[in-house]
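Listed below are the residues making up each chain.
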Amino acid sequence: MANTTANDVIQNFHSSFQDKKILPDGIELMWLKKANSRYSVELEPLNFDEELQEYDRELDQYTIDTLAEFMKQYYQERELSRINKIASIVTKDVSFDGMGNTKKYMKEELDYISEKAQKMINNQKPTAYT
């Protein structure tokens, strides 16, 4: 069996949503590195070779899904930050936000993704009944 590559996880990340925007170069790999770190701290160590852009073993599908979900959470945090900075006019007398309910929906989606990622972490932890 071949080792899991960065591209395997990134493709899984892209399959979880539909977006027409092109992401800046390198940001997906940065999110993958952050996802690896989080996974290593919260669950078990992952050995990722940045030069080869692959893991030292074949990861199971649920681990790949979890890493992709972490990446999606980072993506959504970035989108929420972007939306929060668009079309907001605040003066001493008036405050106007041209985004309507967009901010609210973006925040709700981030909350959903965060909750899903936390459930995935909990599903991989050993139970107290072992």
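Predicted model only: the values in this text are computed from it and were never measured. Residue numbering note: each chain is counted from 1, following its sequence as written. Since the coordinates come from a predicted model, pLDDT governs what is reported: local features require at least 70, and pairs of side-chain atoms require 80 or more to be given and counted, while whole-chain, interface and lining totals use all residues. As a rule here, side-chain values cover all heavy atoms of the structure and leave hydrogens and water aside.

Asks: Please clarify how the overall build of the chain should be interpreted in this entry.
Replies: Strands are runs of DSSP state E lasting at least two residues, helices are runs of H or I lasting at least four, and both sets are numbered from the N terminus onward. A count of helical and extended segments in the chain gives 4 helices and 4 strands. Listing the helices and strands of the chain from first to last along the sequence gives α-α-β-β-α-β-β-α. Throughout, exposure labels follow a simple rule: accessible area from a 1.4 Å probe, protein chains only, divided by the maximum for the residue type, with under 20% read as buried, over 50% as exposed, and the rest as partly exposed. Burial analysis of the chain (130 residues in total) assigns 32% to the buried set. Should any heavy atoms of two residues lie within 4.5 Å, those residues are considered in contact. Relative to all contacts within the chain whose residues are 6 or more apart in sequence, the contacts with residues 24 or more apart total 67%. Residue exposure ignores everything except the shown protein chains as possible cover, and the areas themselves are Shrake-Rupley values with a 1.4 Å probe. For the chain, the exposed surface amounts to about 8,600 Å²; the carbon and sulfur share of it is 51%.

Asks: I keep staring at the packing of aromatic side chains and nothing clicks. Help me out?
Replies: Two descriptors summarise a pair of aromatic rings, namely the distance from one centre to the other and the angle between the planes of the rings. Any Phe, Tyr or Trp ring, taking Trp's six-membered ring, that has another such ring centre within 6.5 Å forms a pair; planes under 30 degrees apart are called stacked, those over 60 apart edge-to-face, and the others tilted. Counted under the stated rule, the structure contains 6 aromatic pairs. Taking 6.2 Å as the distance between ring centres and 70° as the angle between the ring planes, the aromatic pair formed by phenylalanine 13 and tyrosine 75 counts as edge-to-face. In this pair, phenylalanine 13 sits in helix α1 (residues 6-14) while tyrosine 75 sits in helix α3 (residues 61-85), placing the two residues 62 residues apart along the sequence. By relative accessible area, which is 0% here, phenylalanine 13 ends up buried. Among the aromatic residues, ring-to-ring pairing joins Phe13, Phe17, Trp31 and Tyr75 into one connected group. Whether a charge sits over a ring depends on NZ of Lys or CZ of Arg being within 6 Å of the ring centre and within 35 degrees of the ring normal. Of note, lysine 34 hangs over the ring of tyrosine 74, and the distance from its end group to the ring centre comes to 4.6 Å.

Asks: Sorry, what's going on with the pattern of salt bridges here?
Replies: Opposite charge on two side chains permits them to pair, given that their charged atoms come into close proximity. Salt bridges are defined by distance alone: a side-chain nitrogen of Lys or Arg within 4 Å of a carboxyl oxygen of Asp or Glu. One pass over the structure, following the stated rule, counts 7 salt bridges. In this structure, arginine 38 engages glutamate 42 in a salt bridge whose closest nitrogen and oxygen atoms are separated by 3.1 Å. With arginine 38 and glutamate 42 both in helix α2 (residues 27-42) and 4 residues apart, this pair spans about one turn of that helix.

Asks: Looking at this model, I keep getting lost on the environment of serine 81. Mind explaining?
Replies: Position of serine 81 relative to the elements: it lies in helix α3. Serine 81 sits in the partly exposed class, given a relative accessible area of 30%. In this structure the C-alpha to C-alpha distance between serine 81 and lysine 103, which are 22 residues apart in sequence, comes to 9.4 Å.

Asks: Would you take a moment to explain the packing of α2 against α3 for this structure?
Replies: When two helices pack together, their arrangement is captured by the angle between the axes and the distance separating the axes. Contact geometry of α2 with α3 gives a least axis separation of 9 Å together with a crossing angle of 120°. The orientation of α2 relative to α3 falls into the category oblique. Of the two possible hands of crossing, α2 and α3 adopt the one that is right-handed. Only Thr63, Thr66, Leu67, Phe70, Met71, Gln73, Tyr74, Tyr75 and Arg78 of α3 make contact with α2, whose side of the interface consists of Ile27, Glu28, Trp31, Leu32, Lys34, Ala35, Asn36, Arg38 and Tyr39. When its residues are assigned to classes, the contact of α2 with α3 shows 10 nonpolar, 4 polar and 4 charged. Whenever a helix is involved, its axis is fitted only over the stretch in contact; in every case the axis is a line through C-alpha atoms, and angles between N-to-C directions fall within 0 to 180 degrees. In this scheme, roughly parallel covers angles under 35 degrees and roughly antiparallel covers those over 145, while 65 to 115 is roughly perpendicular and the rest are oblique. In a left-handed crossing the near helix is turned counterclockwise from the far helix by less than a right angle, and in a right-handed crossing that turn is clockwise. Any residue that is not Ala, Val, Leu, Ile, Met, Phe, Trp, Tyr, Cys, Pro, Asp, Glu, Lys or Arg is counted as polar, Gly included; the first ten are nonpolar and the last four charged.

Asks: Help me understand the nonpolar core in this model?
Replies: Side chains that are nonpolar tend, in soluble globular proteins, to be buried together. Only buried residues count toward a nonpolar core. Its members are Ala, Val, Leu, Ile, Met, Phe, Trp, Tyr and Cys residues joined through side-chain atoms within 4.5 Å. Ranked by size, the top nonpolar core spans 23 residues in total, and within it Trp31, Tyr55, Leu67 and Met71 carry the most contacts. In terms of residue count, the dominant contributor to this core is α3 (7 residues).

Asks: So what exactly am I meant to see when it comes to α1 here?
Replies: Helical periodicity: at 3.6 residues per turn, an α-helix aligns residues three or four positions apart in one direction. Every buried residue of α1 is listed here: Ala6, Val9, Ile10, Asn12 and Phe13. Buried residues of α1, seen end-on, are gathered within an arc of 160° and therefore sit on one face of the element. Residues of α1 that are buried make contact with α2, β1 (48-49), β2 (54-55) and α3. When we speak of the arc, we mean the arc of directions from the helix axis to the C-beta atoms.

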